[in-house]
Amino acid sequence: MIVRTTPEDFLRSVDDAKAVKRQERFLERATESRLLDPWERYRALTDQYDRLTDVAEQGDRKTRFALLILGGINAVNLLIVTQGDLSGGPNLSNPTVVAYVACYVLLSLCFFVYAIGVLRPRSPGAEAANGTTGRLLLCLDDEALREPAAAYAARWQQAQIGEMNAEVATMVHTLSRNNVRKLHALQRVYLGLYVLVGLTAMALVVLGLTGLGT
């Protein structure tokens, strides 16, 4: 028995088949345990890299703000020390004042070093190149400058998505490690601000008591 199929029926069956395939792909993508496909992995890695870059920039801004606070505290201490004679307080010839100034300067320099550690430029490319096992190295500026532009362009023409994902993942790992270092140094900087504020408050109290005693 021959079943006659009209063009409309044929097109309808094709549309139904496409709809079934779309539904199957949708159900597959909705599975929580599904592995990411290469392009999804690449987008996720680049999004993570952008997020980590924003975190690094926020750490730099917080460090600059901490340096402004540190400069203000230093200015207050400078006034305390230099105006001691005028206010009737201890002067620089006093051993206690000398010890305070030495301790304060040493702590300030230490926390300046931590701040420099936060702001110090770090190249994720250089560190990532040391930990990369492949030979692609397309995203790393340090490696790109070591060869002629033509050779670099030729390697891009032979790039595979899996190799690119591995390289970006290495850079994300390196940037994460750098951000952790920045965070630890930044915590020390702000801890130092608390210490210096405490020392300044003690100096102001001593100066005030000395002024009342006179």
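This report concerns the structure included in the present document.

What counts, and at which threshold
Residues numbered from 1 in each chain as written. Predicted model: local features only at pLDDT ≥ 70, side-chain atom pairs only at ≥ 80, totals over all residues. Heavy atoms only, no water. Helix = DSSP H or I, 4+ residues; strand = E, 2+ residues; numbered from the N terminus. Buried < 20%, exposed > 50% of the residue type's maximum accessible area, 1.4 Å probe, protein only. Contact = heavy atoms within 4.5 Å. Areas by Shrake-Rupley, 256 points an atom, 1.4 Å probe, with all protein chains shown as cover. Phe/Tyr/Trp six-rings, centres within 6.5 Å; stacked < 30°, edge-to-face > 60°. Polar contact = N/O pair within 3.5 Å; in protein donor to acceptor, adjacent residues only side chain to side chain. Salt bridge = Lys/Arg side-chain N within 4 Å of Asp/Glu carboxyl O. Patch = residues over 30% accessible without salt bridge, like charges linked within 9 Å, V, L, I, M, F, W, Y side chains within 5 Å. Lys, Arg positive; Asp, Glu negative; His and termini not counted. Charge placed at Lys NZ, Arg CZ, Asp CG, Glu CD. Expected span 1.5 Å × (residues − 1).

## Observations concerning the overall build of the chain
Working step 1: Secondary structure assignment for the chain yields eight helices and zero strands.
Working step 2: What you see in the chain, going N to C, is helices and strands ordered as α-α-α-α-α-α-α-α.
Working step 3: Within the span of the chain, comprising 214 residues, buried residues form 26% of the whole.
Working step 4: Long-range contacts, defined as pairs at least 24 residues apart, comprise 77% of the intrachain contacts of the chain with a sequence gap of at least 6.
Working step 5: Accessible surface, the chain as shown: approximately 14,700 Å² in total, 64% of it carbon and sulfur.

## Observations concerning the side chain of Ser-108
Working step 1: As for its position among the elements, Ser-108 is in helix α4 (residues 95–119).
Working step 2: Other than its neighbours up to four places away in sequence, Ser-108 contacts Asn-74 and Leu-196.

## Some words on the packing of aromatic side chains
Working step 1: Taken as a whole and judged by the stated rule, the model has three aromatic pairs.
Working step 2: Ring centres of Trp-39 and Tyr-42 lie 6.0 Å apart, and the angle between their planes is 80 degrees; on these two criteria the pair is classed as edge-to-face. Taken as a pair, Trp-39 and Tyr-42 lie in helix α2 (residues 38–82) at a separation of three residues, close to a single helical turn.
Working step 3: Residue Trp-39 is classed as exposed on the basis of its relative accessible area of 53%.
Working step 4: Judged by its relative accessible area of 27%, Tyr-42 falls in the partly exposed class.

## Observations regarding the environment of Thr-200
Working step 1: With respect to the helices and strands, the residue Thr-200 is situated in helix α8 (residues 161–213).
Working step 2: Considering only alpha carbons, one finds Thr-200 and Val-76, 124 residues apart in sequence, at a separation of 7.7 Å.
Working step 3: What Thr-200 contacts, discounting residues up to four positions off in sequence, is Ile-73, Val-76, Asn-77, Ile-80, Tyr-100 and Tyr-104.
Working step 4: Among the polar contacts made by the side chain of Thr-200, one reaches the side chain of Asn-77 at a distance of 2.7 Å.

## Considerations on the pattern of salt bridges
Working step 1: Applying the stated criterion to the full structure yields one salt bridge.
Working step 2: Of the charged contacts in the structure, one is a salt bridge between Asp-60 and Lys-182, with a shortest N-O distance of 2.7 Å. Pair noted here: Asp-60 is in helix α2 and Lys-182 is in helix α8, with a separation of 122 residues, a long-range link.
Working step 3: What makes Asp-60 buried here is its relative accessible area of 16%.
Working step 4: Under the relative-accessibility criterion, Lys-182 is labelled buried at 11%.

## Description of a negative patch on the surface
Working step 1: Residues Asp-47, Asp-50, Asp-54 and Glu-57 make up a contiguous surface patch of negative charge.
Working step 2: Inspection of the secondary structure puts Asp-50 in helix α2.
Working step 3: Of the residues examined, Asp-50 reaches a relative accessible area of 46% and is grouped as partly exposed.

## Details of a nonpolar patch on the surface
Working step 1: A surface patch of nonpolar side chains, about 310 Å² in accessible area, is lined by Phe-65, Leu-68 and Ile-69.
Working step 2: Note on Ile-69: relative accessible area 32%, which makes it partly exposed.

## Examining α2
Working step 1: Helix length check: α2 (45 residues) gives 65 Å between terminal C-alpha atoms against 66 Å at 1.5 Å per residue, within 8%.
Working step 2: Taking the backbone nitrogen of Trp-39 as reference, a side-chain oxygen 3.1 Å away marks Asp-37 as the first, capping residue of α2.

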